[in-house]
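So you can see what is in the structure, the chains are spelled out below.
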Amino acid sequence: MKLSTRHLLGIKDLTKEDIELILSTAQQFKEVLQRPVKKVPSLRDVTIVNLFYENSTRTRMSFELAERRLSADTLNFAASTSSAAKGETLLDTVNNILSMKVDMVVMRHSASGAPHFLAQHIPAAIVNAGDGINEHPTQGLLDAFSMTEKKGTLEGLKVAIIGDVMHSRVAQSNIYLLKKMGAEIVVAGPPTLIPKYIKEAHGVNVTYNVMEALQWCDVANVLRIQLERQNQPLFSSLREYNLAYGIKRSMLDKLDKEIVIMHPGPINRGVELDSDVADGPHSIILNQVENGVAVRMAVLYLLANREN
Amino acid sequence: MSEQQVALSIKRLTHKILENHLELDNTVIIGIQPRGIYVSDRIVDELKTLIAPEKIKYGKLDITFYRDDVRKELKIANKTDINFSIENKNVVIIDDVLWTGRTIRAALDALLDFGRPAKVELCVLIDRRFSRELPIHADYVGRTIDTFPSQKVLVHWKEKDGVDDVVLV
């Protein structure tokens, strides 16, 4: 049993069986993380570089922790403090790192498709840790893991993806994954932040009314407003966004059922999520972060163990 | 080995464990996933007829992430379930077949990540002696057999294969 792919570039390339294998392996790693010694020797002969061309707290630390818990050796690269600042190209940088006998590359880049480009030119296995507005596959997987943990199954689960869908690689990975696993999806947010042809492209339903989405769903995955990717204003002000599309405690209290609130982080408190929602009983945001390590361990373990 | 012989061996192994660890006062039983569980389940069932069930501490250990051949073949990980401390306990590890000793080496490494046991013993249904690749031996053995490396020992269980028996092919 193994993955059908050599790299994890996106959920788009995975089969349903791949996703199931990753999630079930992550389940076992989650148990490992509860032990007195939270570490296994599986990847002690593997060296992994974390190549971050874009800022990150959670993803980078989560990957690094996952690598160390698997006993892999790790190298960290941040573009701002490296020779990339002197103009070295991505491919040159990676080839130089690989010549030091590095086996795997975990990379984040602001350009969509950067890991796909790299995969065509280097022999090492690549894990996409977020590329531009394309995909963030390990986030999609850890969201699915957290939903399954809370709700039992993804089959038939009603998931609302709310907020800045346009600029969100998290949304894209979630949609690919949930569709493959048989969940139902509604995307909600301001018309300027929902891609025009998303219904045709992904087969998801669209609403511009957040309350309507909340009433329909079992799980609401709320996205961060990505101001750094918006070249022109797409809504009038953050305050107005919060009033029309932000999720408040009073909205959850009006529902006749208990829904689950998720967020990939970092949260803009008081914009897409109010603090009493983010820290409230509906929220599993910190569980998502906890599960992230186990899911990334599973991905690295399954990709490193390919015979070749 | 026929079904009756397997059942008798399980009974004997259970009594031998109990003989050395009266009432299992400071002793825990750990089965190795996946196939050692069939043996350990039966031994634990047998133990329950001999001592108070609440005295039996029984866990399951998966060793997939500790294997030394991960690069050769990817094995599916099974559930590890040890909901008690093994610190300063006598641990009896149970597996179906002892062959090269590599599984038990991995199991010892995995076990030590849960704490420092006072003593670790090994119980197996079948011991294929003369084919060890590591200096490991079993303390409780159902049956010792001499085999060629090319031969296979197939252990069948009712739950999975419809019948309890051991066949050499």
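The structure presented is a predicted model; accordingly, all values stated were derived computationally and were not measured. (Residues numbered from 1 in each chain as written. Chains lettered and ligands numbered in written order. Predicted model: local features only at pLDDT ≥ 70, side-chain atom pairs only at ≥ 80, totals over all residues.)

A few points about the interface of chain B and chain A
Rules: In this description, any two residues whose backbone-derived C-beta atoms lie within 7 Å of each other are considered to be in contact. Note on residue categories: nonpolar means Ala, Val, Leu, Ile, Met, Phe, Trp, Tyr, Cys or Pro, charged means Asp, Glu, Lys or Arg, and polar means any other residue, Gly included.
With 15 residues of chain B at the interface, the matching set in chain A holds 14 residues. Split into classes, the residues belonging to the side of chain B that touches chain A amount to seven nonpolar, two polar and six charged.

Details of the domain arrangement of chain A
Residue and element names in this part refer to chain A. In plain terms, the rule: A domain assignment, automatic or from a database, supplies the domain bounds used here. The way it works is that DSSP assigns letters per residue, a run of H or I at least four long becomes a helix, a run of E at least two long becomes a strand, and they are numbered from the N terminus.
When cut into domains, chain A gives domain 1 (11-134 + 291-304) and domain 2 (137-288). When each unit is reduced to the centre of its C-alpha atoms, the spacing between domain 1 and domain 2 is 25 Å. Counting residues at the interface gives 21 residues for domain 1, matched by 22 residues for domain 2. Broken down by secondary-structure element, the contributors of at least two residues to the side of domain 1 that touches domain 2 are α1 (16-32), β4 (125-131) and α12 (285-304). Residues of the side of domain 1 that touches domain 2, tallied by class, amount to nine nonpolar, seven polar and five charged.

Some points on the sheet that holds β4 of chain A
Residues and elements named next belong to chain A. Test applied: By this definition, two strands are paired if DSSP reports at least two bridges between them. Lines are fitted to the C-alpha atoms to define the axes, a helix being fitted only along its stretch in contact, and any angle between axes, read from their N-to-C directions, falls within 0 to 180 degrees.
Read from one edge to the other, the open sheet built from four strands follows the order β2-β1-β3-β4, with strand pairing classed as parallel. Single-partner strands in this sheet number two, and they are β2 (73-78) and β4. Taken over all neighbouring pairs, the strand axes of this sheet differ in orientation by 15 degrees on average, direction set aside. Strand direction decides the pairing type here: strand β1 (residues 47-52) and strand β3 (residues 104-109), joined by five bridges, are parallel. Paired with F52 across the two strands is R108, which belongs to β3. Sheet contacts for helix α2 (residues 58-69): β1, β2, β3 and β4; angle to β1, the most-contacted strand, approximately 180 degrees. Against the sheet, α12 makes contact with β1, β3 and β4, and its axis sits at roughly 150 degrees relative to β4, the strand it touches most.

Here's the deal with the nonpolar core
Where we set the bar: The nonpolar core criterion groups buried Ala, Val, Leu, Ile, Met, Phe, Trp, Tyr and Cys residues into a set whenever they are joined through C-beta atoms within 7 Å. Counts of 20 or more other C-beta atoms within 10 Å of a residue's own C-beta define buried residues, counts of 12 or fewer define exposed ones, and intermediate counts define partly exposed ones; C-beta atoms are placed from the backbone.
Core analysis: the largest hydrophobic core is formed by 137 residues, its most contacted members being M104, I161, A298, V299, L300 and L303 of chain A together with C123 of chain B. If one sorts the elements of this core by residue count, α12 of chain A sits on top with eleven residues. Counting residues domain by domain, this core receives three or more from each of domain 1 (11-134 + 291-304) and domain 2 (137-288) of chain A. Setting aside residues up to four positions removed in sequence, L300 of chain A forms contacts with L43, I48, A66, E67, L70, M104 and V127 of chain A.

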